Amino acid sequence: MAEEMFGRLVSIMMVFSLLLSVFTTRSCSDHVPLIMWSSEGGSLWTQDPPVAGHIVSRSQLETYLSSAFGSAPNSAPHTVLLFLQDRLSVDDITLYGGVFGNKQDSVFPNLETALQSSSSLLVLPSVSGSASVPEVLQGLLNVAPLSLDPEQLNELHLDVSSPALLVFRLPFGTGSNEMAPKDSLRENDRLMGNVLDAVKAQAVPYTAVYTALAPSWVTRDVNPAPQSVGRSLLQATNDVYAPLQILDNMGKVCILFWASNLTVSVLQSGQWQKADLTDKTFISSGVEKNGSCNASNSQLILKYGNILGFQTFQLTFAMSQRLYPVSARQWFTLDQVQLNYDGHNATFNGSDGITAPSEYSYHCQMVSSSDYPLLVPSTPTDNAKQWILTFTDFQIQGFGVTGENFSYANDCASFFTPGIWMGLVTSLLLLLILTYGLHMILQLRSMDRFDDPKGPAIAVPQND
Amino acid sequence: MNGQALLYGGVTVAFWSTLLVVGICYTIFDLGFRFDVAWFLTETSPFMWANLGIGLAISLSVVGAAWGIYITGSSIIGGGVKAPRIKTKNLVSIIFCEAVAIYGIIMAIVISNMAENFSGTTPDTIGFKNYQAGYSMFGAGLTVGFSNLFCGICVGIVGSGAALADAQNASLFVKILIVEIFGSAIGLFGVIVAILQTSKVKMGD
């Protein structure tokens, strides 16, 4: 019974040490284990054990100990042997306690023996460092602690009737430089064994407590509120700028727009002239941003000066949102992108492709009027035929903007492209046909009803 | 449980569980709007539908014909062992089955002649006429294929019975032929409907 308790003790300690190594965010990670056992007497566990990873505070320790010592007639013996090691952590027991099936390597043979032969056991894997155990015991037992060397115990006569608190400072700390931790622990265990033998020789019921003043394994304090570790591309490009914001009358952001590249090209005298407007729009302040938002329409107006030889150049994005009854939700569309240049208009329609549910933003790697056009000239004879508008890594949101970041981006690229779907449909059909054919062939059986291998062969008449 | 049943069972479970899991994920993440049947129908090329129709027209018809012929043929050959006089007369059942395959190939050629090139890459530029053409050809192919499939099986089984009855009693054959004629009429119905389906097809720009 006590053996499996020891086994349970070390397994609990393993779990706790694992959890403790994970939960390092406490600023005060100063905790020591406490093992208490009694040679006779009742159960020391009269309360619920602590939750895994919980550091027992001083008041909780007092509750545990007072219930252990106070509940007569089954209380623990009031002769308390307190083994105080300089430094001890649960991890020491895990490392050196022979818990991985290597019992022979354990440096705590006397401790194990004592626990096995004890009548009850209390294990608190982490007691707060500020809960000074000697003081708590002193307060409970109402007796002054008596510091002893282990050798002096033989000279002392223990009296069962009165409580006693004998404190043994185990001289070897696991942080010391003279001895390897393993050896110092083994030495301490030997001393403990000597003390316990001496007490046993006097046939005195005792309660022993093995704990430490400070932990030997101090885990590094980790910043309790780490920065959000978002993933970022390894090839994070040059400069990432914030999206362009337009505020409504109340000063809240209502339109967000971003593109990594914005170019316009115009066909002038048979040649295509290109202008890159990215820098002006997003980085430097070379553009006048304007816009209006209401419940069903949003408009983003960007006024540039002197582009491609035109004195005035203006880009207008007109978006609208409404309820679509079949899908029972509100969708917004980028209806038109209009270019106004020197009094002329060029209008592109984008309402077919550039659409997203109202609460989300729309993102597309390439929004252009030339390749795979999402922006088409509004009429076949529109001026837009002479213009090419290209956005790379385009993202826009005209409704439902919360804060300065885009909402979830409804991407124009789907998981399966139409080509993949066509291939899947055709392959599935062919597979079905193959399966059907195979099924038929596999259930072909030849007639064997009248087979009689031992009988005579059938006679076929030669004449008609 | 034998291997075949296990295989079919496994494939079915895999299929339905994939559908279920994907559906649940779409629902949980409020991405149900991305399940867009209209997108699938408009983004897939009308040529896919047209060619699927042509392929199904001929292949399903041939399956029906082959099935019928194998059923009838086995009976004729088997019955002909003991009653050799049936073999010539019962070839008419085989011809009824073969007719089904001929319907199939004729329709496949007719439908494939309607496939023309068009220049358009987006649903807007492709235009509704081309979509209608694609879907009509698919439907016509399906129509003629399935009706010929079942017609062929029907004629085959009836022909098999006819051959064996003829082997027993020669006077039965002529009456059974009436049944076969009714059976092969249904293949013709399929052809007529398919012609009607593709009558308004006009693919191209």
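Analysis parameters
Positions within a chain are numbered from 1, following the residues in the order the chain's sequence is written. To label them, take the chains in the order written and letter them from A, then take the ligands in the order written and number them from 1. Residues qualify for local features only when their pLDDT is at least 70, as the model is predicted, and side-chain atom pairs are given and counted only at 80 or more; totals for whole chains, interfaces and linings, by contrast, use all residues. Heavy atoms throughout the structure, all of them, feed into the side-chain values; hydrogens and water do not. In DSSP terms, a helix is any run of H or I states spanning at least four residues, a strand is any run of E spanning at least two, and both are numbered starting from the N terminus. Two residues form a contact once any of their heavy atoms are found within 4.5 Å. Any carboxyl oxygen of Asp or Glu that lies within 4 Å of a side-chain nitrogen of Lys or Arg is treated as forming a salt bridge with it. Under this definition, polar contacts are N or O atom pairs within 3.5 Å; protein pairs additionally need one hydrogen-donor-capable and one acceptor-capable atom, and for neighbouring residues in sequence, both atoms have to be side-chain atoms. An expected span of 1.5 Å times one less than the residue number is assigned to each helix. Burial status follows relative accessibility: with a 1.4 Å probe on protein chains alone, a residue under 20% of its type maximum counts as buried, one over 50% as exposed, and anything between as partly exposed. Any two strands with at least two DSSP-identified bridges between them are counted as paired. For helices, the fitted axis covers only the stretch in contact; all axes are lines through C-alpha atoms, and the angles between them, taken along N-to-C directions, range from 0 to 180 degrees. The labels follow the angle: roughly parallel below 35 degrees, roughly antiparallel above 145, roughly perpendicular from 65 to 115, and oblique for the rest. Polar here means any residue other than Ala, Val, Leu, Ile, Met, Phe, Trp, Tyr, Cys and Pro, which are nonpolar, and Asp, Glu, Lys and Arg, which are charged; Gly is therefore polar. Only a pair of cysteine sulfur atoms within 2.5 Å qualifies as a disulfide here.

What exactly am I supposed to notice about the environment of A:Leu153 here?
Residue and element names in this part refer to chain A. For leucine 153, the location among the structural elements is in the loop between β4 (145-148) and β5 (164-170). Taking C-alpha positions, leucine 153 is 7.9 Å from valine 199, a pair spaced 46 residues apart along the chain. Leave out the neighbours within four places in its chain, and leucine 153 touches Leu148, Leu166, Phe168, Val195, Ala198, Val199 and Gln202.

Hey, could you run me through the environment of A:Pro134 in this one?
All names here are of chain A. Its place among the elements puts proline 134 in helix α5 (residues 133-141). For proline 134 and leucine 165, which are 31 residues apart along the polypeptide, the C-alpha to C-alpha distance reads 8.7 Å. Once residues within four sequence positions are removed from consideration, proline 134 is found in contact with Leu82, Leu84 and Leu165.

Is there a simple way to think about the interface of chain A and chain B in this case?
Interface size is commonly expressed as the accessible area that is lost once the parts come together. Tallying the contact residues gives 25 residues for chain A and 17 residues for chain B. At the junction of chain A with chain B, the criterion picks out one salt bridge. Across the pair A:Arg329 and B:Asp30 runs a salt bridge, and its minimum N-O distance is 3.2 Å. Linking chain A with chain B are six residue pairs in polar contact (both at pLDDT 80 or more), by the criterion used here. If you list the elements that add at least two residues to the side of chain A that touches chain B, you get β14 (329-341), β20 (409-411) and α8 (418-442) of chain A.

Just to check I follow, could you spell out helix α6 (residues 181-201) of chain A for this structure?
Residues lying three or four places apart along an α-helix face the same way, a consequence of the helix completing one turn every 3.6 residues. All names here are of chain A. Spanning 21 residues, α6 covers 30 Å between terminal C-alpha atoms, matching the ideal 30 Å at 1.5 Å per step. All buried positions along α6 are accounted for by Ser184, Leu185, Asn188, Asp189, Leu191, Met192, Gly193, Val195, Leu196, Ala198 and Val199. The secondary structure elements touched by the buried residues of α6 are β1 (31-38), β2 (79-87), α3 (90-96), α4 (109-117), β5 and β6 (207-214). The positive-phi residue at the C-terminal boundary of α6 is alanine 203, with phi of around 55 degrees.

Please explain the pairing of β1(A) as it appears in this structure.
If a strand is regular, its side chains alternate between the two faces of the sheet. Residue and element names in this part refer to chain A. Burial within β1 is extensive, with eight of its eight residues counted as buried. Where burial is concerned, the two faces of β1 agree: the one with His31, Pro33, Ile35 and Trp37 and the one with Val32, Leu34, Met36 and Ser38 are both buried. Bridge count for β1 against strand β3 (residues 120-128) is seven bridges, and the pairing is antiparallel. Paired with methionine 36 across the two strands is leucine 122, which belongs to β3. Judged from the four bridges that link them, β1 and β6 form a sheet pairing that is antiparallel. Directly across from tryptophan 37, in β6, lies its bridge partner alanine 208.

Explain the packing of helix α7 (residues 128-168) of chain B against helix α8 (residues 172-197) of chain B to me, please; I cannot follow it from the model alone.
Helix-helix packing is described using two parameters, namely the angle between the two axes and the distance between the axes. All names here are of chain B. Interhelical geometry of α7 versus α8 gives an angle of 175 degrees and a closest axis separation of 8 Å. Relative to α8, the element α7 lies roughly antiparallel. Classifying every residue of the contact of α7 with α8 by side-chain character gives 16 nonpolar, eleven polar and two charged.

Where do I start with the state of the cysteines in this structure?
When the sulfur atoms of two cysteines share a covalent bond, that bond is a disulfide. This model, assessed by the stated rule, comprises two disulfides over all chains. Across a sulfur-sulfur distance of 1.7 Å, A:Cys254 and A:Cys293 are joined as a disulfide pair. Residues A:Cys254 and A:Cys293 are joined by a disulfide whose S-S torsion is about 40 degrees; by sign, that bridge is right-handed. Pair noted here: A:Cys254 is in strand β8 (residues 253-258) and A:Cys293 is in strand β11 (residues 288-293), with a separation of 39 residues, a long-range link. Residue classification places A:Cys254 among the buried positions, given a relative accessible area of 8%. When the bonded cysteines of chain A are numbered from the N-terminus onward, they pair as 1-2, 3-4. B:Cys154 forms no disulfide, and the closest cysteine sulfur to it belongs to B:Cys151, at a distance of 6.4 Å.

Could you clarify how one ought to interpret the packing of helix α3 (residues 46-82) of chain B against α7(B) in this entry?
Residue and element names in this part refer to chain B. Viewed as axis vectors pointing N to C, α3 and α7 meet at an angle of 5 degrees, and their least axial separation amounts to 7 Å. Of the possible angle classes, the one that applies to α3 and α7 is roughly parallel. Along the lines of polarity and charge, the residues of the contact of α3 with α7 split into 24 nonpolar, 16 polar and no charged.

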